[in-house]
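Chains, contacts and geometry: an overview
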Amino acid sequence: MTITLNKITKVVAGQTHIKPTSLTFQTGHFNVLLGETGAGKTSLIKLMAGLDPIAAGTIEMDGQDVTKLSTQKRNISLVHQFFVNYPHMTVFDNIASPLKVAGMAKSEIQGRVEEAADILQLRPMLHRRPHELSGGQQQRTALARAIAKESRAVFLDEPLANLDYKLREELREQLPELFAGRGAVVVYATSEPEEALLLGGSTALMDDGNVAQFGPTAEIYRKPQTLTAAKVFSDPPINVAKVTKMGSTLIMGNSARWDSAKMKDAPDGDYQIAVRPHHVTPKPSPANTVKLNGRVLVTELSGSESSAHFAMPDADWVSLSHGVHPYQVGEDHPFYLDPSACMLFAEDGQVVAGGAV
Amino acid sequence: MKTQNQKAWFFVLPVLLLVAFNALIPMMTVVNYSVQETFGNNVFFWHGVGWFEDLLNSERFHAALGRQILFTTIILLIEIPLGIVIALAMPRKGIWVPVCLVLMALPMLIPWNVVGAMWNIFTLPDIGLLGYLMNTTLGIDYDMTQDPFAAWVTIVTMDVWHWTSLVVLLCYAGLVSIPDAYYQAAKIDGASSWSVFRYIQLPKMKQVLTIAILLRFMDSFNIYTEVFVMTGGGPGNSTTFLSIDLVKIALGQFDLGPAAAMSLIYFAITLLVSWLFYTLMTKDDGK
């Protein structure tokens, strides 16, 4: 089972919401759509679900052109960020609703619903109504409906965003197992880079209605093709600075210069470097050798990690390091950069060299 | 330590007074009349349940009650489904929404006796738009002052015109409160438009429909003004509904006792049927 998008676009009132997009989603692993709110994740899902009209392009499922097929006939499931269950029906009837509509025999419905309910631990709640369930149970009901239906494609649109932290972790661990071996293409939209990394599979980085990059998750995390892709796939935000390259030397403002062997093939000139916050540390190490001077703006301690926002000539940078590190807000503090982790982008944003570890 | 005082009664008092003056005292007056006989001069004699016995055995009452039940049944059977269909057909967004809403609300804004007068003139065979059209242009014999069937058709049509809007507006309010997500979920489930109606729209409209049915039942069961103006209960007794009969007895003949007894029975029937409707339609809600 595959879903193939062929240069699909979405235009609303003269404005292009989704620019020509071509992607192929495979079964067997999670396909993650990663991007900020407003990047077009939900729009893309709605196009694939047939809920919104496509301005141009085609959508194929298993080689069959479904562009003109109504939502009802596409055989898909969709789980929203907010919990959509029919309020007047019991959990059982909610899970059974697509099966009933399909005219399935009662005994088979019973079996499928109970199987899905067992997987999602909803067995004791089957006769309750949605308003008698907790948020996590409501979302599990919506997931159970998607599983029981055994559709060709399952779209999960930030399904964990409205759940509290613990439930989110728990369900996120379960999700890949739930859909493993079911043969459906799973498309999962999220705004959290960490979630994309945890769910693995392949990821499409979305930005402003564009797909910035698409490929195996780990690969595009390590080797972003554009500065935009690097920015989308980094939380806290990736650090960016202007540099000038002369021979094998990179010069960053007045503050730092270092030799970079792996970038020596690129022509001399102005570039941008990007480096993820955990490659910038408050103490030197064998890897973190390039010293930067910054003024500490904000500090955050989160258990075992310390982060500091500090002012650099072009922009504010973030350092994320293990251990508890006492910063004084306002003080000038040295930070140490790992030059091998720097990615070099041309001024138009295309990657020139590098790739974080 | 719990201190007790009787202050709470003062808070209840205003409501008690209000209910007393607008319901209890008038009601007790009627009860009082219903068990007495009078020959005028404010002299009353105890008559027990005599008036009730007479009334329940009276053919005139049976006939009026029969006409009333038939009328209300027809009204509910037409106005409720028609109201739902119109509400479903109305646009949910765009510039036509206020236009439709105002058009729908118009008939309800007209005073009831004016509605009666309007339809009376509308149906006059010689000068009324409808009457003239039917008789002269189409050649169909139509005169509601002569033909009981024509009178019924006219009154039912008038009531449908006058009150279907209420059902429409209530249902429409129920429909627009359904979030888009439910329609999307239904589409994804593969639901046909009938399933969407049956499993999403109808359940969402259930509460407003309960109100609509109750209001339309009570109103049509108590209909008086329009019919009084249009036919006065005629031709013959063919459109003499309970309320019209009641007024004839109470004010035409000034039989206070029988009229009071009839009022109470009338009231009891309306109350009982309303309670039945309400109980039946809300019995699943507590689960």
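The notes below deal with the structure included here.

Reading the values: the criteria
Residues numbered from 1 in each chain as written. Chains lettered and ligands numbered in written order. Predicted model: local features only at pLDDT ≥ 70, side-chain atom pairs only at ≥ 80, totals over all residues. Heavy atoms only, no water. Helix = DSSP H or I, 4+ residues; strand = E, 2+ residues; numbered from the N terminus. Buried < 20%, exposed > 50% of the residue type's maximum accessible area, 1.4 Å probe, protein only. Contact = heavy atoms within 4.5 Å. Areas by Shrake-Rupley, 256 points an atom, 1.4 Å probe, with all protein chains shown as cover. Axes fitted to C-alpha atoms, helices over the stretch in contact; angles between N-to-C directions. Parallel < 35°, antiparallel > 145°, perpendicular 65-115°, else oblique. Left-handed = near helix turned anticlockwise from the far one by under 90°. Pairing = 2+ DSSP bridges. Salt bridge = Lys/Arg side-chain N within 4 Å of Asp/Glu carboxyl O.

**Quick notes on the overall build of chain A**
A count of helices and strands for chain A gives nine helices and 21 strands. Projected onto its principal axes, the C-alpha positions of chain A cover 75 × 45 × 35 Å. With 357 residues in all, chain A has 52% of them scored as buried. For chain A, contacts bridging at least 24 residues in sequence account for 65% of all contacts bridging at least 6. Carbon and sulfur atoms make up 49% of the accessible area of chain A, which amounts to about 15900 Å² in all.

**Observations concerning the packing of helix α1 (residues 8–34) of chain B against helix α12 (residues 256–282) of chain B**
Residue and element names in this part refer to chain B. Put simply, α1 and α12 touch, their axes get as near as 7 Å, and they point 125° apart. Judged by the angle between their axes, α1 and α12 are oblique. The hand of the α1/α12 crossing is left-handed. Residues M27, V30, V31, Y33 and S34 of α1 form the contact with α12, whose own contacting residues are L256, G257, A260, A261, S263, L264 and F267.

**Some details on the pairing of strand β16 (residues 290–302) of chain A**
All names here are of chain A. Of the strand pairs in this sheet, β16 and strand β19 (residues 332–337) are connected by six bridges, and their pairing is antiparallel. Residue pairing for β19: N293 is matched across the bridge by P334. Note that β16 and strand β17 (residues 305–311) share seven bridges and pair antiparallel. Counterpart to T299 in the pairing with β17 is A308. In this structure, the hairpin formed by β16 and β17 is closed by a connection of two residues, where G303 is found at a positive phi of approximately 65°.

**A closer look at the pattern of salt bridges**
In total, this model carries 18 salt bridges over all chains according to the counting rule given. Two residues, D52 of chain A and K10 of chain A, come together in a salt bridge whose shortest N-O distance is 3.4 Å. On the criterion of sequence distance, the pair formed by D52 of chain A in the loop between α1 (41–49) and β4 (56–61) and K10 of chain A in strand β1 (residues 2–12) is long-range, its members being 42 residues apart. Measuring nitrogen to oxygen at the nearest pair gives 3.8 Å for the salt bridge that ties E158 of chain A to K41 of chain A. Residue E158 of chain A is located in the loop between β7 (153–157) and α6 (165–179), and its partner K41 of chain A is located in helix α1; the two are separated by 117 residues in the primary sequence. Taking relative accessible area as the criterion, K41 of chain A reaches 3% and is therefore assigned buried. One network of salt bridges, in which partners are shared, links E79, D159, R216 and D219 of chain B.

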